[in-house]
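Observations on the model geometry
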Amino acid sequence: MTRNIPMLEPRFAYLCSYRAEFSEPQQMVGRGHFGTRMIAALTGGIVKGDRLSGRVLPGGGDWATFDDRGVLRLDARVTLETHDGALIYASYRGVLRPLDKVRELIRRGGPKTAEDHAQVYFRTAPVFETGHPDYQWLNDIVTVAIGASVGGAVEYDVYEML
């Protein structure tokens, strides 16, 4: 294929890290069109970063599905409240696999080493929305995140694609 645009290597800048805690047990809806549906309600959390910091508000959740191959597909929505009172809606889809390795790591207290993290693929693509003038820039960026499931919570490092 002939390329008409120059090849650009993607570059990323760290945006923030956040931890979202969720309730146990989750609602197990059962097997449907897209796999086995599981719903987890978020109970809170924290956001830390130079350009974005605050807390994860209770009330969001993840409407995930998982399949027989051990792949979990995330469909999450959260509301962040910044340190200065702005509300930011974030939604993301992603993939977490393999679930048997994730469960093993959770039983051991979550991933602790780079090797632990390398054994699990946990990636999402957050999209942000806000009407607050100080954070309008979030509406116009593309982000990706690398996650870890730590038992009762998920943790993400979020990067802006430059």
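Summarised in this report is the structure supplied together with it. For clarity, every value in this text was computed on a predicted model and none was experimentally measured.

Right, let's talk about the overall build of the protein for a bit. Counting its regular elements, the protein contains 2 helices and 10 strands. Traced from its N-terminal end to its C-terminal end, the protein shows the element sequence β-β-β-β-β-β-β-α-α-β-β-β. The globule rule puts the C-alpha radius of gyration for 162 residues at 15 Å, and the 17 Å found for the protein is close to it. For the protein, the spread of C-alpha atoms along the principal axes amounts to about 50 × 40 × 35 Å. Counting only residues that meet the buried cut, the protein has 41% of its 162 residues in that class. Within the protein, contacts between residues at least 6 apart in sequence are counted, and of these 55% link residues at least 24 apart. For the protein, the accessible surface area stands at approximately 9600 Å², while carbon and sulfur atoms represent 54% of it. Put simply, the protein has 19 plus and 20 minus side-chain charges, and the middle of one group is 6 Å from the middle of the other.

This paragraph deals with the pairing of strand 3 (residues 35-48). Each regular strand carries side chains that alternate between the two faces of the sheet. Summarising the sheet, strand 1 (residues 12-22) and strand 3 pair through 6 bridges and their orientation is antiparallel. Residue pairing for strand 3: Glu-21 is matched across the bridge by Gly-44. Relative to strand 3, strand 2 (residues 27-32) runs antiparallel, the two being bridged by 5 bridges. Bridging from a neighbouring strand, Gly-30 pairs with Arg-37 of strand 3. In this structure, strand 3 lies alongside strand 5 (residues 61-66), joined through 6 bridges in antiparallel fashion. Directly across from Ala-40, in strand 5, lies its bridge partner Asp-62. Examined bridge by bridge, strand 3 and strand 4 (residues 54-56) share 3 bridges and lie antiparallel to one another.

Here we come to the side chain of Asp-62. As for its position among the elements, Asp-62 is in strand 5. Within the local environment of Asp-62, its side chain forms a polar contact with the backbone nitrogen of Ala-64, the two atoms lying 3.5 Å apart. Of the polar contacts made by the side chain of Asp-62, one reaches the backbone nitrogen of Asp-75; its length is 3.0 Å. In this view, Asp-62 contacts Met-38, Ile-39, Ala-40, Leu-74, Asp-75 and Ala-76; residues no more than four positions away in its chain are not counted.

To continue, consider the environment of Gly-94. With respect to the helices and strands, the residue Gly-94 is situated in strand 7 (residues 87-97). The buried category is assigned to Gly-94, whose relative accessible area is 12%. Excluding its chain neighbours within four sequence positions, the residues that come into contact with Gly-94 are Leu-72, Arg-73, Leu-74, Arg-123 and Thr-124.

Among the nonpolar cores identified, the biggest contains 36 residues, and Leu-52, Phe-128 and Tyr-156 are the most heavily contacted of them. Among the elements of the structure, strand 1, strand 3, strand 5, strand 6 (72-82), strand 7, helix 1 (99-107), strand 8 (121-129) and strand 10 (153-161) are those that each provide at least two residues to this core. Here Leu-52 is in contact with Leu-15, Cys-16, Val-47, Leu-80, Thr-82, Ile-88, Phe-128, Tyr-135 and Leu-138, once residues within four sequence places are set aside.

Once that is clear, we can look at the layout of surface pockets. Each pocket or cavity is described by its volume, and for the largest pocket that value is around 460 Å³. Around the largest pocket, the lining comprises 26 residues; the ones closest to its centre are Phe-22, Gln-26, Met-38, Leu-72 and Ser-149. Those elements giving two or more residues to the lining of the largest pocket turn out to be strand 3, strand 5, strand 6, strand 7, helix 1 and strand 10. In terms of residues, the lining of the largest pocket owes the most to one element, helix 1, which gives 5 residues.

Definitions and cut-offs
Residues numbered from 1 in each chain as written. Predicted model: local features only at pLDDT ≥ 70, side-chain atom pairs only at ≥ 80, totals over all residues. Heavy atoms only, no water. Helix = DSSP H or I, 4+ residues; strand = E, 2+ residues; numbered from the N terminus. Rg over C-alpha atoms; globule rule 2.2 N^0.38 Å. Buried < 20%, exposed > 50% of the residue type's maximum accessible area, 1.4 Å probe, protein only. Contact = heavy atoms within 4.5 Å. Areas by Shrake-Rupley, 256 points an atom, 1.4 Å probe, with all protein chains shown as cover. Lys, Arg positive; Asp, Glu negative; His and termini not counted. Charge placed at Lys NZ, Arg CZ, Asp CG, Glu CD. Pairing = 2+ DSSP bridges. Polar contact = N/O pair within 3.5 Å; in protein donor to acceptor, adjacent residues only side chain to side chain. Core = buried A, V, L, I, M, F, W, Y, C linked by side-chain atoms within 4.5 Å. 1 Å grid on protein atoms, 1.4 Å probe; cavity = no way out; pocket = protein on both sides within 12 Å on 5 of 7 lines; lining within 4 Å. Points joined across faces, edges and corners; volume = space filled by probe spheres on them.

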